[in-house]
Amino acid sequence: MEDRTQQEQASPAVRKRVQDSFDRQGLMAHLGARLAHIGPGRVRVVLPARPEVTQQHGYVHAGATSAIADTAGGYAALTLFDEDSDVLTVEYKINLLAPAAGDHLEAIGTVLKSGRTLTVCQLEVYGVWEGGERTFVANGQQTLIRMARPAQ
């Protein structure tokens, strides 16, 4: 049975706030990443495999893999914050479990515990092939801090 949290959508206002913030990230635009799902406490980021994001063996670089994992977790946390709050990563650890290969990578950030100040997220990254085959390529954990939303 499929996990309902994978399909549940955040409210339109939360989706807009997360998408608008994501669109301001120069690194995600540079990498070619996009948001694939915004749910309460769960966000998926997709990164197409392109030569510009690979390392010398042709796999997606660990830096790109880590960046989309960090971003997915940060936005998962933001989905649970009020509109006057924003988020910054305090720390994260990532284990690279297999070479990051596939037609694209999919990073999933899931909130484990959302607190008044600190939030902890689980990070998962999969290599996904066009036929639907998935390889678990990275796993991590992240701590984020809630902060006042800066004026824009």
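In this report, the structure presented in the accompanying data block is examined. Please read all numbers here as calculations on a predicted model, not as lab measurements. (Residues numbered from 1 in each chain as written. Predicted model: local features only at pLDDT ≥ 70, side-chain atom pairs only at ≥ 80, totals over all residues. Heavy atoms only, no water.)

Counting its secondary structure elements, the chain contains three helices and six strands. Summarising its shape, the C-alpha atoms of the chain cover approximately 45 × 35 × 25 Å along the three principal directions. Across the 152 residues in the chain, those meeting the buried criterion constitute 44%. Put simply, 64% of the contacts in the chain that link residues at least 6 apart link residues at least 24 apart. As presented, the chain carries roughly 8100 Å² of accessible surface, and 52% of it is formed by carbon and sulfur atoms. Of note, the chain has its 15 positive side-chain charges centred 5 Å away from the centre of its 17 negative side-chain charges. (Helix = DSSP H or I, 4+ residues; strand = E, 2+ residues; numbered from the N terminus. Buried < 20%, exposed > 50% of the residue type's maximum accessible area, 1.4 Å probe, protein only. Contact = heavy atoms within 4.5 Å. Areas by Shrake-Rupley, 256 points an atom, 1.4 Å probe, with all protein chains shown as cover. Lys, Arg positive; Asp, Glu negative; His and termini not counted. Charge placed at Lys NZ, Arg CZ, Asp CG, Glu CD.)

Moving on, we get to the layout of surface pockets. Size it by volume and the largest pocket reaches roughly 250 Å³. Counting only elements with at least two residues in the lining of the largest pocket, the list comes to helix 3 (62-78), strand 3 (85-96) and strand 6 (134-148). Split by residue class, the lining of the largest pocket holds seven nonpolar, six polar and three charged. (1 Å grid on protein atoms, 1.4 Å probe; cavity = no way out; pocket = protein on both sides within 12 Å on 5 of 7 lines; lining within 4 Å. Points joined across faces, edges and corners; volume = space filled by probe spheres on them. Nonpolar A, V, L, I, M, F, W, Y, C, P; charged D, E, K, R; others polar.)

What follows concerns the pattern of salt bridges. One side chain can pair with another of opposite charge once the charged atoms of both are near each other. Inspection of the entire model under this criterion finds four salt bridges. One salt bridge in this structure joins E106 and R44, with 3.3 Å as the shortest N-O distance. Highlighted residues: E106 in strand 4 (residues 104-114) and R44 in strand 2 (residues 42-48), separated in sequence by 62 residues. With a relative accessible area of 19%, R44 lands in the buried category. The residue E106 makes a salt bridge to R134 at a minimum N-O spacing of 2.8 Å. With E106 in strand 4 and R134 in strand 6, the pair connects residues that are 28 residues apart, well separated along the chain. You can call E106 buried: its relative accessible area is 9%. Accessibility expressed as a relative area gives 40% for R134, which makes it partly exposed. Put simply, R44, E106 and R134 are held in one network by salt bridges that share partners. (Salt bridge = Lys/Arg side-chain N within 4 Å of Asp/Glu carboxyl O.)

This part takes up the sheet that holds strand 1 (residues 34-39). Taken together, the six strands give an open sheet; going across it, the order is 1-2-4-5-6-3, and neighbouring strands pair in antiparallel fashion. Here the strands that pair on one side only, and so sit at the sheet edges, are strand 1 and strand 3. Ignoring which end each strand starts from, the neighbouring axes of this sheet average 20 degrees apart. With 10 bridges connecting them, strand 4 and strand 5 (residues 118-128) associate as antiparallel partners. Residue K113 lies in a different strand from strand 5, and its bridge partner there is V120. Here helix 1 (residues 12-23) sits on the sheet in contact with strand 1, strand 2 and strand 3, set at roughly 155 degrees to strand 1. (Pairing = 2+ DSSP bridges. Axes fitted to C-alpha atoms, helices over the stretch in contact; angles between N-to-C directions.)

A few words now on the packing of aromatic side chains. What the rule picks out here adds up to two aromatic pairs. Positioned above the aromatic ring of Y126, the side-chain terminus of R134 is 4.5 Å from the ring centre. In this structure, R146 packs its charged tip against the face of F81, placed 3.9 Å from the ring centre. (Phe/Tyr/Trp six-rings, centres within 6.5 Å; stacked < 30°, edge-to-face > 60°. Lys NZ or Arg CZ within 6 Å of the ring centre and 35° of its normal.)

Here the focus is the side chain of R17. The topology assignment puts R17 in helix 1. There is no salt bridge for the buried R17, and the closest opposite charge comes from E83, which lies 6.1 Å off by N-O distance. Residue contacts for R17: discarding those within four places in its chain leaves L78, F81, D82, E83, S85 and R149.

Don't take any of this as a statement about function, it's just geometry.
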